[in-house]
Amino acid sequence: MYLNCHSYFSLRYGTIEPEQLLAIASKNGVQTLALTDINTTAACLEFMRLSSNYDIKPVLGVDFRNGVQQQFVLLAKNNNGFQNINAYLSDFLHNYELKIPETAPELEDVFVIYPYVHKKEYHLKENEFLGIRPQDLNHLKFSKWNIFRSKLVVLQTVSFQDKKDFNIHRLLRAIDNNTLLSKLPKSEEGKETDCMLPYQELCNLYQEFPEFLKNTSRILENCNVRFDFEKPTPKNQKSLVGTEEEDFQKLEKLAYDGVAYRYPDYDEKVFSRIEKELSIIKKQGFVSYFLINWKILEYARSKGYFYVGRGSGANSIVAYLLRITDVDPIELDLYFERFINVFRQNPPDFDIDFSWKDRDDITDFIFKTFKNTALLTVYNTFKFRAAVRELGKVFGLPKSEMDVLTTGKYNLNQLDKLSRLVIKYSTYIQGFPNYLGIHAGGIIISERPIHYYGATFLPPKNYPTTQFDMHLAEDIGLYKFDILSQRGLGKIKEATEIVAYNHPQEPPIDIHDIKRFKEDKKIKHLLRNAKAIGCFYVESPAMRMLMKKLQVDDYLGLVAASSVIRPGVAKSGMMREYIQRYRHPERRNEAHPKLLEIMPETYGVMVYQEDVIKVAHYFAKLDLGEADMMRRGMSGKFRSREEFNKVKQKFFDNCKKDGKPYELVVDVWRQTESFAGYAFAKGHSASYAVESYQSLFLKAYFPLEYMVATINNFGGFYSTELYVHEARMHEGIIEPPCVNTSFTQTVIHGKTIYLGFMFLQSFESKVMERILDERSKNGSFQSLDDFLERVPISIEQISILIKINAFRFTNTHKRELLWEAHLKISKHQVQEQEITLFRAERVNFKTPELPSTALENAFDEIELLGFPLCNPFELLKKTSTNPLRARHLESLKGKIVTIEGYLVTTKDTKTSRGELMHFGNFLDRDGDFVDTVHFPPVVEQFPFRGKGIYSITGKVMIEFDCVSVEVISMEHLAMIEDPRYAEQQMSSSNKSVAENLNIHV
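Rules behind the numbers
- Residues numbered from 1 in each chain as written.
- Predicted model: local features only at pLDDT ≥ 70, side-chain atom pairs only at ≥ 80, totals over all residues.
- Heavy atoms only, no water.
- Patch = residues over 30% accessible without salt bridge, like charges linked within 9 Å, V, L, I, M, F, W, Y side chains within 5 Å.
- Areas by Shrake-Rupley, 256 points an atom, 1.4 Å probe, with all protein chains shown as cover.
- Salt bridge = Lys/Arg side-chain N within 4 Å of Asp/Glu carboxyl O.
- Lys, Arg positive; Asp, Glu negative; His and termini not counted.
- Charge placed at Lys NZ, Arg CZ, Asp CG, Glu CD.
- Helix = DSSP H or I, 4+ residues; strand = E, 2+ residues; numbered from the N terminus.
- Pairing = 2+ DSSP bridges.
- Axes fitted to C-alpha atoms, helices over the stretch in contact; angles between N-to-C directions.
- Buried < 20%, exposed > 50% of the residue type's maximum accessible area, 1.4 Å probe, protein only.
- Parallel < 35°, antiparallel > 145°, perpendicular 65-115°, else oblique.
- Left-handed = near helix turned anticlockwise from the far one by under 90°.
- Contact = heavy atoms within 4.5 Å.
- Phe/Tyr/Trp six-rings, centres within 6.5 Å; stacked < 30°, edge-to-face > 60°.
- Nonpolar A, V, L, I, M, F, W, Y, C, P; charged D, E, K, R; others polar.
- Expected span 1.5 Å × (residues − 1).
- Arc of directions from axis to C-beta.

Undergrad: Can you walk me through a negative patch on the surface in this structure?
TA: A cluster of acidic residues, Glu252, Asp267, Glu268 and Glu275, forms a negative patch at the surface. Its location among the elements puts glutamate 275 in helix α10 (residues 268-284).

Next up, the structure:
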């Protein structure tokens, strides 16, 4: 009897989770239920998937509203009707200026229910009905519609469960209207009675109108939308070149054609692997999935775009031969069953990384090439802190009080009533969907129109985007293509271009010559000594420390390290054990013989995702289908479901039958479980390692050029400042922007690096364009006057250039140039300068001599670049006399020392007790790294106080050749007072001139 039910996907209106809605219906004796969220079908597929668990027949539709004003409800008779509703709704979601009309459209296979309004005229078609709410029944008796009962149905809206839910609803409406709860109009709320009643109680309300009940039942009986969630077949585009058979022939040809390129010295092993993979790919219906990826990457190569193919697909030789990945599964002995097996329903993952500069064009190509294409959505939910802030505004709390509540550092009993309400209701709405976002890279390419499965909306990227997420897409057999953006590839590509212009005598770099890179001695040295700042995936403090502990200097070692660093291995406690077994072969004998047999390469330690499958299959005797289900459960992509719990139970049962000690089984399961959401497939790690080798090669042979590319692509793990520092450590000469030499991006000439205009705070892009355009047309600028004649610019923008010393070629002090600029530039809006035959000579005023100091320059740089170009130790208020440096620490193991360091980065983590601790990275005066560990008592007593130089006292610890300082105490050292704003003696005449001109000097 319920034709109009809302879940919490009726954003900032409904309050009931889709599954909870089904549970409520089941409890109330409801056997058929229509989900009609407001202007969305986001929950429809999930609602249908879960409905069988509650023995409820699901009916799908949409409640079309302008704001909260209900216009009509559309219900789908079948899948065609659902597609028509989705297409109609999408028109409005693609163009938010359109208003939903009062009259519903004529759509095939759709029922229409209008909300009854007393005395309103209706002209109902055969498929259209009037919905009568319980509160309308008295009015109806005096309406002409009382005699047209065949067109009247029950309309009891369901938006909330109870009184508490209604309160939550009102708060959500206030958030949506950005208003105080006390000022929320009643017209913006639902009715408090919009709750689900027991089935019989609802029937009793309409007992005088039995026709309404019959009409409602008839509509519900005639609504039959079907989707297969039990054994979904792939719903992706079925064919690329014609028929499915022609597709397979194409795939087969591409695979065998690729052998000569990938395996010049091939053997029978290669061909048997190809044959095995092709047969399973065909049997599972994944042929077009491979071909579509190949098509996308063929286009990328034609445009000269760099890309990296990773994910479980990197375990495939077919993917390697089609150049989807650059990882050789034969060389790495990649586990075939992780890639694909006959029990696997979903195709392997191909995560394709492109440069952030190239990805938009790739996305555009996909949408132009493939007919039924959409981006995937993600559900952005209310997080606790955001909920506190939103509700704090609704209750009218001042910002200072909201700040306290978001920290969690308060005594609940000491809070006032409003603050307690904010905390209470924040916990209620935490996890509610707040708005729909865009998946980081997921794209679906469907055989059927996207609207067959749901509506689409149009976010700022201007590509249709689904209202269902990747999990639901997989549930119905729509498998995403991951087109991801990565700055690392941009760095590599740009670095090769910079090398070409800065070293024209060098031959072109073959950045894909990975085999040569693997044997390169310089690269091995960088790896062993963790000299990897700026290099993809291996530059973080944790990764550099791990590489040093493992003394990694080869490809397989780096592949393993890329996975060992993941939280799963560390969480299980096996990272340390892996390091021990890596460095001390005798420790490998301590591994359980069966685990050592299964995973000899990693010494019996689970490191890769495929290790989960191996352990499940060989250790716990699960079949490959069950093992893959377990692997998916651990990957974080598989939601908690009954199937996974059954597999877990079978894991223990099988081990018990096999006579394995319970303690061992528990320990192995604990290790396995720790992988949840974190494990890498080995092929995925190998793909990362390939890109790491490319960046390591550039760092080894062209460090300055590579650092410039890193800076221009906005770095990686660290801030721009550290990459500038790294360039200086490689003998680079760092120059601030110059109007005659610099460009928007940073450039290098020999060893001199000129920072780009784009790194200047508040400097406008249109001014950059004017400078570069004028300089290109008419040559370098000769003076400040010459610049002002040729480039229209405001006083604020010219001040930035002068302060950063961009006119240093004039050999005039900055302060004098600022005086000149203020005298010669009008404060009015900047106008494009008119071209005249003769230039009017500018009046030159006599300006006072106002020299600027190096310290003032440093503070200008901090203001405009975010960091000084000098050694920050030069800015200490009290000159340091501490001689201790990072290079000395190795000889001071176990000693208490005091060393000074400039803070680079910190990492927060929790102890096993849940207490906060830190890892710190600092630079000493010479520019070398100092690593620190801050345990909870020290964290509480000596917290970090922002950027700057710290005096660190602690104990020198050395483990596996890695040196760190276990901090005992720490002091943030004072910097000199900013000389630009320090009180200065100014001559009375100069002061008078400044006051007359209203200039700040």
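Undergrad: Teacher, can you tell me more about the environment of proline 979 here?
TA: With respect to the element layout, proline 979 can be found in the loop between β22 (962-972) and α40 (988-997). Sequence separation of proline 979 and asparagine 857 is 122 residues, and the distance between their C-alpha atoms is 9.6 Å.

Undergrad: Any chance you could explain the sheet that holds strand β19 (residues 916-923) here in plain terms?
TA: Pairing is mixed around the closed barrel formed by five strands, whose spatial order is β18-β19-β20-β22-β21. Across this sheet, the average inter-strand angle for adjacent strands is 50 degrees, counted without regard to direction. As paired elements, strand β21 (residues 949-959) and β22 share ten bridges and run antiparallel to each other. Bridge assignment links glutamate 959 to a residue of β22, and that residue is cysteine 962.

Undergrad: Is there a simple way to think about the pairing of strand β6 (residues 128-132) in this case?
TA: Both faces of the sheet carry side chains from a regular strand, because those side chains alternate between them. Most of β6 is tucked away: five of the five residues are buried. Along β6, one buried face is formed by Glu128, Leu130 and Ile132 and the opposite face, lined by Phe129 and Gly131, is buried too. Both strand β5 (residues 110-115) and β6 contribute to a ladder of four bridges, which runs parallel. Bridge pairing links tyrosine 114 to leucine 130 in β6.

Undergrad: Just checking my understanding: could you explain the packing of helix α1 (residues 18-27) against helix α2 (residues 44-51) for this structure?
TA: A packed helix pair is summarised by two numbers, namely the angle formed by the two axes and the spacing between the axes. With their axes 9 Å apart at the nearest point, α1 and α2 run at an angle of 45 degrees to one another. What the angle tells us is that α1 and α2 run oblique. Seen along the crossing, α1 lies across α2 with a hand that is right-handed. Residues Pro18, Glu19, Leu21 and Leu22 of α1 form the contact with α2, whose participating residues are Phe47, Leu50 and Ser51.

Undergrad: Explain the pattern of salt bridges to me, please; I cannot follow it from the model alone.
TA: Think of it this way: side chains of opposite charge can pair up when their charged atoms draw near. Evaluated as defined, the whole model comprises 57 salt bridges. Across the pair arginine 273 and glutamate 277 runs a salt bridge whose closest N-O atoms are separated by 3.0 Å. A residue pair is termed a helical-turn pair when its members lie 3 or 4 positions apart in one helix, as arginine 273 and glutamate 277 do in helix α10 at four residues. Relative accessible area serves as the criterion here: at 0%, glutamate 277 is assigned to the buried category. Two residues, glutamate 626 and lysine 650, come together in a salt bridge whose shortest N-O distance is 2.7 Å. You can see glutamate 626 sitting in helix α28 (residues 624-635) and its partner lysine 650 sitting in helix α29 (residues 642-657), a full 24 residues away along the chain. Note on lysine 650: relative accessible area 33%, which makes it partly exposed.

Undergrad: What exactly am I supposed to notice about the packing of aromatic side chains here?
TA: For any pair of aromatic rings, geometry is given as the distance between the ring centres together with the angle between the planes. Applying the stated rule across the entire model yields 51 aromatic pairs. Ring centres of phenylalanine 72 and tyrosine 114 lie 6.1 Å apart, and the angle between their planes is 75 degrees; this geometry places the pair in the edge-to-face category. In this pair, phenylalanine 72 sits in strand β4 (residues 69-76) while tyrosine 114 sits in strand β5, placing the two residues 42 residues apart along the sequence. Overall, the relative accessible area of 0% leaves phenylalanine 72 in the buried class.

Undergrad: Just checking my understanding: could you explain the sheet that holds strand β7 (residues 152-154) for this structure?
TA: Note: strands within a sheet are paired through backbone hydrogen bonds, in either parallel or antiparallel orientation. Ordered in space as β1-β2-β3-β4-β5-β6-β7, the seven strands form an open sheet in which the pairing is mixed. Two strands lie at the open edges of the sheet, namely β1 (2-5) and β7, each paired on one side alone. Neighbouring strand axes in the sheet, compared pairwise and without regard to direction, differ in orientation by 35 degrees on average. Most of the contacts of α2 go to strand β3 (residues 57-66), to which it runs at about 155 degrees, and overall it touches β2 (32-35) and β3.

Undergrad: Please explain the packing of helix α8 (residues 244-257) against helix α11 (residues 287-302) as it appears in this structure.
TA: Where α8 meets α11, the axes come as close as 9 Å, and the angle between the chain directions of the two elements is 55 degrees. The angle between α8 and α11 places the two elements in the oblique class. Taken as a pair, α8 and α11 cross one another with a handedness that is left-handed. For the pair α8 and α11, contact is made by Asp247, Phe248, Lys250, Leu251 and Leu254 and by Val287, Ser288, Phe290, Leu291 and Trp294, respectively. When the residues that make up the contact of α8 with α11 are grouped by side-chain class, the tally is seven nonpolar, one polar and two charged.

Undergrad: Hey, could you run me through helix α34 (residues 765-778) in this one?
TA: Counted at 1.5 Å a residue, the expected span for α34 with its 14 residues is 20 Å, and the 20 Å between its end C-alpha atoms agrees. For α34, the full list of buried residues reads Val767, Met768, Ile771, Glu774 and Arg775. Around the axis of α34, the buried residues are gathered within 140 degrees of arc, so they sit on the same side. More than 90 degrees from the buried face of α34, the exposed residues found are Glu769, Ser776 and Lys777. Contact partners of the buried residues in α34: α35 (784-790) and α36 (795-803). Of the residues trailing α34, glycine 779 is marked for its positive phi of about 90 degrees.

Undergrad: Is there a simple way to explain the pairing of β22 in this structure?
TA: The pairing of strand β20 (residues 929-934) with β22 spans two bridges and is classified as parallel. By the bridge assignment for β22, valine 933 is matched with glutamate 966. Where β21 folds back onto β22 in an antiparallel hairpin, the turn is made up of two residues, including phenylalanine 960, whose phi is positive at roughly 50 degrees.

Undergrad: Help me understand unusual backbone geometry in this model?
TA: Of note in this structure, alanine 530 is not a glycine but carries a positive phi near 55 degrees. Tracing the sequence through the fold places alanine 530 in the loop between α21 (521-528) and α22 (541-550). Despite not being glycine, lysine 621 has its phi angle at roughly 60 degrees, a positive value. Counting through the fold element by element, lysine 621 comes out in the loop between α27 (609-619) and α28. Take lysine 621: its relative accessible area is 46%, and that puts it in the partly exposed class.

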